[in-house]
Amino acid sequence: GAIGPFSADAYFSGGSTATYPNPIDTSQVQNPAPQQVYQTERWGSDFTYTIPNLTPGATYTVRLHFAEVYFTDHPKGKRIFNVAINDQPVLTNFDIAATAHGANIAIVEPFPATALTDGTIRIHFTNGPANEAKISGIEILPSSQG
């Protein structure tokens, strides 16, 4: 499965952006995004992406790309947050650094999702017990490519 081109941040509501020059280890990810994707982030206590122009009722694979680039010294436990897709929780008390076993290490969490009747998939990020939610990149693939 080839990855599609990544485009600039769009279709979001809420949150802020940041960029970090840290080199990113992508060795744990099959079909990783370009380095620059992991060096940027949208972060905040509550933000949503509403991805448009999908086929209503069709199944897609949502690939969420993460790397902890802000907390680089003993990062585990410093950022714990939640993600829901179409109002269904998919990541609860998610800790990027704990999952990736360190900072500046790319990981991808893939989930199946069905496009809503308006042809969108909504991805909602909310704070958990520590710091703010964040995302580095989002891919939406037809499930045949997932």
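For the structure, check the block above.
These remarks concern the structure in this document. (Residues numbered from 1 in each chain as written. Predicted model: local features only at pLDDT ≥ 70, side-chain atom pairs only at ≥ 80, totals over all residues. Heavy atoms only, no water.)

Section: the pattern of salt bridges
Inspection of the entire model under this criterion finds 5 salt bridges. Between Glu-68 and Arg-79 there is a salt bridge, with its nearest N and O atoms 2.6 Å apart. Here Glu-68 is found in the loop between β5 (59-66) and β6 (80-85), whereas its partner Arg-79 is found in the loop between β5 and β6, with 11 residues between them in sequence. As far as the burial class goes, Glu-68 and Arg-79 line up, both buried. (Salt bridge = Lys/Arg side-chain N within 4 Å of Asp/Glu carboxyl O. Helix = DSSP H or I, 4+ residues; strand = E, 2+ residues; numbered from the N terminus. Buried < 20%, exposed > 50% of the residue type's maximum accessible area, 1.4 Å probe, protein only.)

Points about the nonpolar core
Note that soluble globular proteins tend to have their nonpolar side chains buried in a common cluster. Of all hydrophobic cores here, the largest spans 26 residues; its most connected members are Leu-64, Phe-66, Ile-121, Ile-123 and Phe-125. Listed by contribution, the elements that provide at least two residues to this core are β4 (46-51), β5, β6, β7 (88-94), α2 (96-100), β8 (107-114), β9 (121-130) and β10 (133-135). Per-element accounting of this core gives the leading share, 4 residues, to β5. Setting aside its immediate chain neighbours within four residues, Leu-64 contacts Val-83, Leu-91, Ile-107, Val-108, Glu-109, Phe-111, Ile-123, Ile-135, Gly-137 and Ile-138. Within the second largest apolar cluster, 11 residues are counted, among which are Ile-24, Val-37, Val-69 and Val-108. (Core = buried A, V, L, I, M, F, W, Y, C linked by side-chain atoms within 4.5 Å. Contact = heavy atoms within 4.5 Å.)

Some points on the sheet that holds β9
A sheet is described by the order of its strands in space; here 5 strands give the open sequence β1-β4-β9-β6-β7, paired in antiparallel fashion. With partners counted over all chains shown, the strands left at the sheet margins are β1 (12-13) and β7, one partner each. Pairing analysis gives 2 bridges linking β1 to β4, with the strands arranged antiparallel. Opposite Ser-13, over in β4, you have Thr-48 as the bridge partner. (Pairing = 2+ DSSP bridges.)

Considerations on the environment of Gly-44
Tracing the sequence through the fold places Gly-44 in strand β3 (residues 40-44). Judged by relative accessible area, Gly-44 falls into the buried class, the value being 6%. What Gly-44 contacts, discounting residues up to four positions off in sequence, is Gly-15, Asn-127, Glu-132 and Ala-133.

Describing the sheet that holds β10
Overall, antiparallel pairing links the 3 strands, which are arranged β2-β3-β10 in an open sheet. Bordering the open sheet on either side are β2 (16-19) and β10, each of which pairs with just one other strand. In this sheet, adjacent strand axes meet at a mean angle of 30° when their direction is disregarded. One ladder, built from 3 bridges, connects β3 with β10; its direction is antiparallel. Paired with Arg-42 across the strands is Ile-135, a residue of β10. (Axes fitted to C-alpha atoms, helices over the stretch in contact; angles between N-to-C directions.)

Focus on the pairing of β3
Relative to β3, β2 runs antiparallel, the two being bridged by 4 bridges. Residue pairing across strands places Thr-17 opposite Arg-42, the latter belonging to β3.

Notes on the packing of aromatic side chains
Aromatic ring pairs: the centre-centre distance and the angle between the two ring planes describe each pair. Tallied over the full model, the rule gives 9 aromatic pairs. Taken together, a centroid distance of 5.9 Å and an interplanar angle of 55° make the contact between Phe-66 and Phe-81 tilted. Of this pair, Phe-66 sits in strand β5 while Phe-81 sits in strand β6, placing them 15 residues apart in sequence. Of the two residues examined, Phe-66 and Phe-81, each falls in the buried class. (Phe/Tyr/Trp six-rings, centres within 6.5 Å; stacked < 30°, edge-to-face > 60°.)

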